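# Observations on the three-dimensional arrangement
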Amino acid sequence: MLSNLFIKDIHIKWEDISERSYLKGIPAIASIDELTFVKPITFFVGENGSGKSTLLEAIAVAYGFNPEGGTKNYSFSTYDSHSELCDYIRISRGYVKPKRGYFLRAESFYNVATKEDEYSKSGGGDDRYIPQEFHLKSHGESFLQIAQNYFGPNGMYFLDEPEAALSPQRQLTLLYEINRCAVCGSQFIIVTHSPILLGFPDADIRSFDDGSIHRIEYEDTESYKVMEMFINRRDQVLNELLA
């Protein structure tokens, strides 16, 4: 049966990477040669520094997106901080090409918003171009505007901690937008710490903890367990933490 995913799997060419490369010091990434995608929604979870954003960025850049984010039409660099991993990733693509796509990075969104303003002043190369004016809106409003204006059917989307600017209510709105696109043939790879986003039904959750990349159930994610513990035993947790 043919897969309808745009990215079926990735292969890391470790034989081309120097033995001195810092990439070989990231246990979760160093533990894999290939990674297969089986569902429209894949979440990367794990503690800070576990390598999940490094891998997401590398896949997005290898797929043709600008390292700082945006659509494939964005081509700029304010600070060259992306890792070399993108140069050593081979992507196995699906049998159809996506009609659209976006790479959303919370940490570099300001730079994307600034570049968007520059594109809007030049008309974006298209007389039908509509300026987004991200800087005139709150961070959270801009994030949702991207989802509502750029996300659509048959798209390939990479999201790096999209919850960073969103309230819990807005995270539910984002969940709705992701589902709207996923049921119409889109694929998402998402790095998140949000127990709300991770609750997406039947998503594939990959943990980067414990030195390997492995599948994990929603209730076994640290994001869920910590939030569940805090909500159900708030007084006990705070007393032990702050005593």
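Quick look at the structure, then. Once a new chain begins, its residue numbering starts again from 1 and follows that chain's sequence as written. Local features in this predicted model are restricted to residues of pLDDT 70 or higher, and side-chain atom pairs are both shown and tallied only at a pLDDT of 80 or more, whereas totals for entire chains, interfaces and linings draw on every residue. Water and hydrogen atoms were dropped before computing side-chain values, which therefore reflect all heavy atoms in the structure.

## Digging into the overall build of the protein chain
Each helix is a run of H or I in the DSSP string that is no shorter than four residues. Each strand is a run of E no shorter than two, and both are numbered from the N terminus. Looking only at helices and strands, the protein chain has seven helices and nine strands in total. Relative accessible area decides the class of each residue, using a 1.4 Å probe on protein chains only: under 20% of the type maximum gives buried, over 50% gives exposed, and in between gives partly exposed. Looking at the protein chain as a whole, 47% of its 243 residues are labelled buried. For this analysis, residues touch if any pair of their heavy atoms sits within 4.5 Å. Contacts spanning at least 24 positions in sequence make up 74% of the contacts within the protein chain whose residues lie at least 6 apart. For the protein chain, the computed accessible surface area is about 12800 Å², with 49% contributed by carbon and sulfur atoms. The method behind every accessible area is Shrake-Rupley, applied with a 1.4 Å probe, and residues are considered shielded solely by the protein chains displayed.

## So, the layout of surface pockets
In this model, the second largest pocket occupies a volume close to 280 Å³. Only protein atoms enter the calculation, which uses a 1 Å grid: trapped sets of points that fit a 1.4 Å probe without letting it out are cavities, open sets showing protein on both sides within 12 Å along at least five of seven lines are pockets, and any residue with an atom within 4 Å of a point is a lining residue. Together, 18 residues line the second largest pocket, and G46, D209, T221, E222 and S223 are the ones closest to its centre. Here the lining of the second largest pocket gets five residues from one element, more than from any other, and that element is helix α6 (residues 222–232). Under the scheme applied here, ten amino acids are nonpolar (Ala, Val, Leu, Ile, Met, Phe, Trp, Tyr, Cys and Pro), four are charged (Asp, Glu, Lys and Arg), and all others, including Gly, are polar. Counted by class, the lining of the second largest pocket contains five nonpolar, seven polar and six charged residues. Grid points are joined across faces, edges and corners, and a volume is the space filled by probe spheres set on the points.

## Description of helix α2 (residues 52–63)
By this rule the span expected of a helix is its residue count minus one, scaled by 1.5 Å. If you check α2, its first and last C-alpha atoms are 17 Å apart, about what 12 residues at 1.5 Å a residue would give, namely 16 Å. Counting buried positions along α2 yields nine of 12 residues, so the element is predominantly enclosed. Of all the positions in α2, only K52, L55, L56, E57, A58, I59, A60, V61 and Y63 are classed as buried. Taken from the residues just after α2, G64 is the one with a positive phi, measuring 115°.

## A closer look at the sheet that holds strand β2 (residues 34–36)
Any two strands between which DSSP finds at least two bridges are classified as paired. One open sheet holds the three strands; their spatial order is β2-β1-β4, and the pairing between them is antiparallel. The sheet is open, and its two borders are formed by β2 and β4 (89–93), each paired with just one other strand. Between one strand axis and the next, the sheet turns through 15° on average, direction left out of account. Pairing of strand β1 (residues 7–12) with β2, which is carried by three bridges, proceeds in the antiparallel orientation. Across the sheet, H11 pairs through a bridge with E34, a residue of β2. For helices, the fitted axis covers only the stretch in contact; all axes are lines through C-alpha atoms, and the angles between them, taken along N-to-C directions, range from 0 to 180 degrees. Packing against the sheet, α2 makes contact with β1, β2 and β4, and its axis sits at approximately 65° to β4.

## Re the nonpolar core
Among buried residues, those of type Ala, Val, Leu, Ile, Met, Phe, Trp, Tyr and Cys that are joined through side-chain atoms within 4.5 Å constitute a nonpolar core. Counting residues in hydrophobic clusters, the biggest one holds 35 residues, and the most contacted among them are I7, I10, L55 and F158. Elements with a contribution of two residues or more to this core: β1, α1 (27–30), α2, β4, β6 (155–160) and β7 (187–191). In terms of residues, this core owes the most to one element, α2, which gives seven residues.

## Points about a nonpolar patch on the surface
Two distance rules govern patches: like charges are joined within 9 Å, and nonpolar side chains (Val, Leu, Ile, Met, Phe, Trp, Tyr) within 5 Å, applied only to residues with over 30% relative accessible area and no salt bridge. The term salt bridge refers to a side-chain nitrogen of Lys or Arg lying within 4 Å of a carboxyl oxygen of Asp or Glu. Residues M227, F230 and I231 make up a contiguous nonpolar surface patch of roughly 280 Å² in combined accessible area. Mapped onto the elements of the fold, I231 is located in helix α6. Relative accessible area serves as the criterion here: at 59%, I231 is assigned to the exposed category.

## Thoughts on the environment of A58
Examined against the element boundaries, A58 turns out to sit in helix α2. A58 sits in the buried class, given a relative accessible area of 1%. Counting along the chain gives 27 residues from A58 to L85, while the straight-line C-alpha distance between them is 5.6 Å. If we ignore the near neighbours within four places in the chain, the residues touching A58 are L85, C86 and I89.

## Topic: the packing of α6 against helix α7 (residues 234–242)
Contact geometry for α6 and α7: axes closest at 5 Å, N-to-C directions at 100°. As the angle between them shows, α6 and α7 are arranged roughly perpendicular. Of the residues in α7, those touching α6 at M229, F230, I231 and N232 are R234, V237 and L238. Here the residues of the contact of α6 with α7 are counted per class, giving five nonpolar, one polar and one charged. Note that the term roughly parallel is reserved for angles under 35 degrees, roughly antiparallel for angles over 145, roughly perpendicular for angles of 65 to 115, and oblique for everything else.

## What about the sheet that holds β7?
Spatial ordering of the open sheet is given by β5-β6-β7-β3-β8-β9, a layout of six strands whose pairing is mixed. Each having just a single partner strand, β5 (100–105) and β9 (214–215) make up the two edges of the open sheet. Sheet analysis places strand β8 (residues 204–207) next to β9, joined by two bridges and oriented antiparallel. Its bridge partner being in β9, S207 is matched across the sheet by H214. Each of β3 (41–45), β5, β6 and β7 touches α2; the most contacted strand, β6, lies at about 150° to it. Against the sheet, helix α5 (residues 168–182) engages β3, β6 and β7, with an angle of about 150° to β7.

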